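# Per-entry structural report
Residue-level listing of the chains:
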Amino acid sequence: MVEMSGIRLDSSRIASSVLLIWVIVAASSSRRVWCVEEDEYTKSGGNPKVLPLVTSLIYNQILNLTKIFNKDITVSLGYCTNDVDADLNGAFKFGNNLDFLSNCVKETKDVTKRICTAAEMKFYFSSFMGTKSADAQFLKPNINCNLTSWVPGCEPGWACTIPENAQVDLKNSKDIPDRTRDGQPCCAGFFCPRGLTCMIPCPLGSYCPLATLNKATGVCEPYSYQLPPGKSNHTCGGADIWAGVTSDHEIFCSSGSYCPSTTQKIQCKQGHYCRQGSTEQRACFKLSTCNPNSDTQNLHAYGFMLIGALSLVLIVFYNCSDQVLTTRYERLAKSRERAAKSARETAQARQRWRLAKDAAKKRAVGLQKQLSRTFSRKSGEPPIPPSGAAPKPKKEAGDLTKMLQSFDDNPDSQRGFHMTIGDKNIKKQMPTAKQLHTKSQIFKYAYGQLEKEKAMEQKQQNLTFSGIISMATDTDVKTRPTLEVAFKDLTITLRNKNKHLMRRVTGKILPGRISAVMGPSGAGKTTFLSAVAGKIRGCVITGSILINGRPDSIHSYKKIIGFVPQDDIVHGNLTVEENLRFSARCRLSSDMPKADKVLVVERVIESLGLQAVRDSLVGTVEKRGISGGQRKRVNVGLEMVMEPSLLILDEPTSGLDSSSSNLLIRALRREALEGVNICMVVHQPSYALYKMFDDLILLAKGGLTVYHGPVKKVEEYFASFGVNVPDRVNPPDHFIDILEGIVKPSAGLTVEQLPVRWMLHNGYPVPPDMLHFCDEIASASKGVSTSATPTAPIAPESSSAGSTFKESQEHSQLNFFAGHDLSNRYTPGWIRQYRYFLGRNVKQRLREAQLQAADYLILLLAGACLGTLSKVKGDTFGYFGYMYTVIAVSLLCKISALRSFSLDKLHYRRESEGGTSSLAYFLSKDSVDHFNTLIKPLVFLSMFYSFSNPRSTFLENYAVLLCLVYCVTGIAYVFAIFFQPSQAQLWCVLLPVVLTLIANQGKDDKFGKLFSNYCYPRWALEAFLIANAQRYSGVWLITRCAALNDFGYDVHRWNYCLLRLVVSGICFRFLAFFCLLNGKK
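About the cut-offs
Residues numbered from 1 in each chain as written. Predicted model: local features only at pLDDT ≥ 70, side-chain atom pairs only at ≥ 80, totals over all residues. Heavy atoms only, no water. Salt bridge = Lys/Arg side-chain N within 4 Å of Asp/Glu carboxyl O. Helix = DSSP H or I, 4+ residues; strand = E, 2+ residues; numbered from the N terminus. Buried < 20%, exposed > 50% of the residue type's maximum accessible area, 1.4 Å probe, protein only. Arc of directions from axis to C-beta. Polar contact = N/O pair within 3.5 Å; in protein donor to acceptor, adjacent residues only side chain to side chain. Contact = heavy atoms within 4.5 Å. Disulfide = S-S within 2.5 Å. Pairing = 2+ DSSP bridges. Axes fitted to C-alpha atoms, helices over the stretch in contact; angles between N-to-C directions. Core = buried A, V, L, I, M, F, W, Y, C linked by side-chain atoms within 4.5 Å. Parallel < 35°, antiparallel > 145°, perpendicular 65-115°, else oblique. Left-handed = near helix turned anticlockwise from the far one by under 90°.

## Notes on the pattern of salt bridges
If you walk through the whole model with that rule in mind, you get 31 salt bridges. Between Glu 911 and Arg 840 there is a salt bridge, with its nearest N and O atoms 2.6 Å apart. Taken together, the positions of Glu 911 in helix α27 (residues 905-913) and Arg 840 in helix α24 (residues 830-846) put the pair 71 residues apart, joining distant regions of the chain. Grouping residues by exposure puts Glu 911 and Arg 840 together as buried. Residues participating in the shared-partner salt-bridge network are Asp 110, Arg 114 and Asp 182.

Here's what the structure looks like:
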């Protein structure tokens, strides 16, 4: 009996093994394996050894079933899925946890007949694919559930089976099978939609237990459907729907818990966090806090750590920058020492050469005398008279000797080599560059002989740096090209208005002389200088201007022309030496040795008396720096260091005391002695300053010339028609008071007649509307001596440039267009200037560390506030938080980027008009701003990411913010350059808000959709949302697709959005550079 039982037991095992092998073979060879499997499982009496294999085969068929929908999903839902297979596997690849399927096989015995076929699944999901809505809960009528046939399986949470002898093909995607028999509750882990009589597996991340009836409310909990009325034997079934989280959040695994299978829910443990719809618990990072049942991890510690690290790096960088600047100053000091050494060696070599040359000359003269005596004796000439004989009369001293004697008699005299203007022999009298150099050397020799003797006695042991510079430059040959500017009938009229700013101004300004332009307010003094320098805009200019006798454009010589504006346009956050040194490096010739450039800067610092403040910041309105007089001298020094040939100054002595004014004019006189043509506007100079000028241009109101000639002849000219300067009255003050109408001229003379008298005196044509003044002058001249009449000549040197022009050039339009360069000076290229600009901008930014710290602090607060208020929610994937982020970051970064160009507009115009590269200036500003472009996203995310805790990675958020900041910085450049500061700030505030509202227009709004494609907030929002939505899978698949469809986003366009942001930033920078170039006009 025992043996028989043993044989039966072995037979049952063998039968089971054979059954397993047969099932495997059948599963691999037959498409209709479902009924056979469950029949065999039923026939085996529920053998647990067969169940795992049956369950595995059913699961494989379900998993393979998803491949049928690959093409349809790609066509309909391609915008929300990067990889359809990966997304479907993420939703239905349950792995080894198939307990829900095994339990369903045990309960129903015919689970394969109750699972939906491909056609039924397609029918269910077509409602979502068609409407693109996650809230679609109602299905269309079908063969099993319609108005005439509504079996219990059509109710939510219930399912039916096919006829007993019928076969079902799950891969059939065309026909819905007849499934109306044996209605039963849906299995746990499945959902049975209303209107379908089959079961669909719940996706991963969901929790689908059997529902229980709440008798109080009549609702099947945890779901929201009710039992059908009038059916007492009908009970609650399983889940009834898989839709979006807003309409069916009950199916989602709750926050603080994770669901490894669709029928199992486990509470999250300490040190872990579980988001809604999680399949596993995630370990919290170290230093973060995670309480039990927590859905997020507290990353505040990491945020503060990142802020601390950034602060430490910035502090170290700032301190190191101070060390770098200190090292830089030491290098500059060493360069000055090297320049001084070079100058000392040069001076000593020239001294030795001069001594050797003098000795050679003496030997040559002695030999010549000896030879002359020899030949004179041979030719029978009388012998040389003895020493006691009467000497021959000495030759009369020349002009040069007299000038030297006058220097020795009156060393304080600042009057230069006066050359009269308008004389017929002025071309002959005008000194050449070589003559100017000779006289300047004699002048400097006369003044510096004593210092040289002391230096030779001390053998350069205790010689100061200033002494070495003076010693080196005394014998240094200057080769500045001279510029003579002549103008005839220069007339300036306001555009579209018949108002003259200047009328028929004729004359010339000569090299080596200082010309002072004076006149009452409204006389057009600054207008005259701007016209000569080619800087006037918005006016119609007629007349002719010749440069060195040629009708060239003044812009062709801009590299050797210096223009000192009336306002002190100096960089306040740089030192005096840094301002001067930068101007010298960019505007002096590129082939000039570095030591010579250092000497030029030192010479200017010494001549302007700025040695004591050379290392002091110039200062701004907010931060006090050097005094106003010193600032004015720095303003002049910026043009002196570039060694101009023509130096134009607009009121350089305004606001200066008498000593500072004398110091400035003395420095300008030294420049004039080297052949520099200097013209300046002066308001009421003192008598000492007045005598330092060579020529005077006196203008009346309306821009009419009253006098243009030497200073020493002006009193004689006005005295010729009865205008005498009273005793103890400064002549220019008296003349300006007459032109202003404060003092009345002599009897029979009016202020309006003075310009006409000058025209008649020089033979200039009188405008028709001023001919009546000629009659008045003629009538007033009756009975007056001939010397007082308007036609009486006063001096042959009167200013007249008429001989320089042809009559055909009258009233011609001036050539102010930039021509080819005629200055013969090759300044550094834009690449080298870029290095200079970059170094200067870095210094300025380091000295604005407080402003940078304030910007970072505001970003920190904004990130913390927005991260706290805008927690990431599953229905929108953090959309609103990202929208506020785009607005806040755009606004803050734009306003801070305005400082790059808004505060330097005047400085840029001055430097660019002086010949510096606009491209180097713009690129250096942008390069320095790249530091903020890299750091500011980190600062903001350190708070925002730790408080909001999105599912997207930190690097993805940083990449989007980096591109966003780069884009908005380019927009800020355009606003800063094109608008005034107040208007630019207003635009920076309004633009992000308006563009974000446009970007949020619905997809059905055609115009809104069209405009939103060109709004940068849309690209940033799309990139943020795509990066975050891609982290939602499994049960979130429908919610993700519905949300992306509502916003009109596509998961494939993340790189495209970043690229558009970067390209937009580049395009806006090109636009800003274009505005920068054309803004000068």
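Moving on from the coordinates now.
## Some thoughts on helix α5 (residues 84-92)
Within α5, the full set of buried residues consists of Val 84, Asp 87, Leu 88, Ala 91 and Phe 92. Here the buried residues of α5 occupy an arc of 110° about the axis, which is enough to place them on one side.

## A closer look at the side chain of Gln 833
Along the chain, the position of Gln 833 falls in helix α24. With a relative accessible area of 2%, Gln 833 lands in the buried category. At 2.8 Å, the side chain of Gln 833 and the backbone oxygen of Pro 828 are in polar contact. Residues within four places of Gln 833 in sequence aside, it is in contact with Cys 586, Thr 827, Pro 828, Gly 915, Thr 916, Ser 917 and Ala 920.

## Brief notes about the state of the cysteines
All chains considered together, the criterion is met by 10 disulfides. Each disulfide pairs two cysteine sulfurs, and for Cys 186 the partner residue is Cys 192, the sulfurs being separated by 2.3 Å. Torsion about the S-S bond of the Cys 186 and Cys 192 cystine: about 80°, corresponding to right-handed handedness. Comparing Cys 186 with Cys 192, the two get one shared label, buried.

## A look at the environment of His 1052
Within the secondary structure, His 1052 sits in the loop between α33 (1037-1047) and α34 (1054-1079). Owing to a relative accessible area of 45%, His 1052 belongs among the partly exposed residues under this scheme. For His 1052 and Asn 82, which are 970 residues apart along the polypeptide, the C-alpha to C-alpha distance reads 6.5 Å. Excluding its chain neighbours within four sequence positions, the residues that come into contact with His 1052 are Gly 78, Thr 81 and Asn 82. Of the polar contacts made by the side chain of His 1052, one reaches the backbone oxygen of Thr 81; its length is 3.2 Å. Of the polar contacts made by the side chain of His 1052, one reaches the side chain of Asp 1050; its length is 2.8 Å.

## Description of the sheet that holds strand β12 (residues 500-509)
Judged by pairing direction, the sheet is antiparallel, and its three strands sit side by side in the order β12-β11-β14 without closing on themselves. The open sheet has two edge strands, β12 and β14 (539-547), and neither has a second partner. Across the sheet, the mean angle separating the axes of adjacent strands is 5° when strand polarity is ignored. Pairing analysis gives eight bridges linking strand β11 (residues 485-494) to β14, with the strands arranged antiparallel.

## Focus on the nonpolar core
Residues Tyr 124, Phe 190, Met 199, Trp 242 and Tyr 1016 are the most contacted members of the largest nonpolar core, which totals 141 residues. In terms of residues, this core owes the most to one element, helix α29 (residues 954-978), which gives 15 residues. Setting aside chain neighbours within four positions, we find Tyr 124 in contact with Leu 139, Phe 191, Pro 193, Leu 196, Ile 200, Ile 241 and Trp 242.

## Considerations on the environment of Phe 1047
Tracing the backbone through its elements, the reader meets Phe 1047 in helix α33. Taking C-alpha positions, Phe 1047 is 8.4 Å from Glu 1022, a pair spaced 25 residues apart along the chain. Sequence-distant contacts of Phe 1047, that is, excluding residues within four places in its chain, are made with Thr 876, Tyr 879, Arg 1018 and Leu 1025.

## Concerning the packing of helix α15 (residues 576-587) against helix α17 (residues 628-640)
For the pair α15 and α17, interaxial distance at closest approach is 8 Å and the crossing angle is 20°. If you check the angle between α15 and α17, you find them roughly parallel. For the pair α15 and α17, the crossing hand works out as right-handed. Of the residues in α17, those touching α15 at Val 576, Asn 579, Leu 580, Ser 583 and Arg 587 are Val 634, Gly 637, Leu 638 and Glu 639.

## Details of helix α21 (residues 731-740)
Counting buried residues along α21, seven of its 10 residues qualify, which places the element largely inside the surrounding structure. Taken together, the buried positions of α21 are Pro 731, Pro 732, His 734, Phe 735, Ile 736, Ile 738 and Leu 739. The elements touched by buried residues of α21 are β13 (514-518), α19 (687-692), β18 (695-700), β19 (704-710), α20 (714-719) and α22 (753-762). Positive backbone phi, at 90°, marks Gly 741, one or two positions downstream of α21.

## Quick look at the sheet that holds β13
Strand order across the open sheet formed by six strands is β15-β16-β17-β13-β18-β19, with mixed pairing between neighbours. Of all strands in the sheet, those bounded by a partner on one side alone are β15 (561-564) and β19. Strand-to-strand twist of the sheet, defined as the mean angle between neighbouring strand axes without regard to direction, takes the value 10°.

## Observations concerning unusual backbone geometry
Backbone torsion omega between Glu 221 and Pro 222 reads 10°, so that peptide bond is classified as cis. Relative to the assigned elements, Pro 222 resides in the loop between β6 (219-221) and β7 (257-261). Positive phi outside glycine occurs at Gln 684, with the angle close to 45°. As for its placement among the helices and strands, Gln 684 is situated in the loop between β17 (677-681) and α19.

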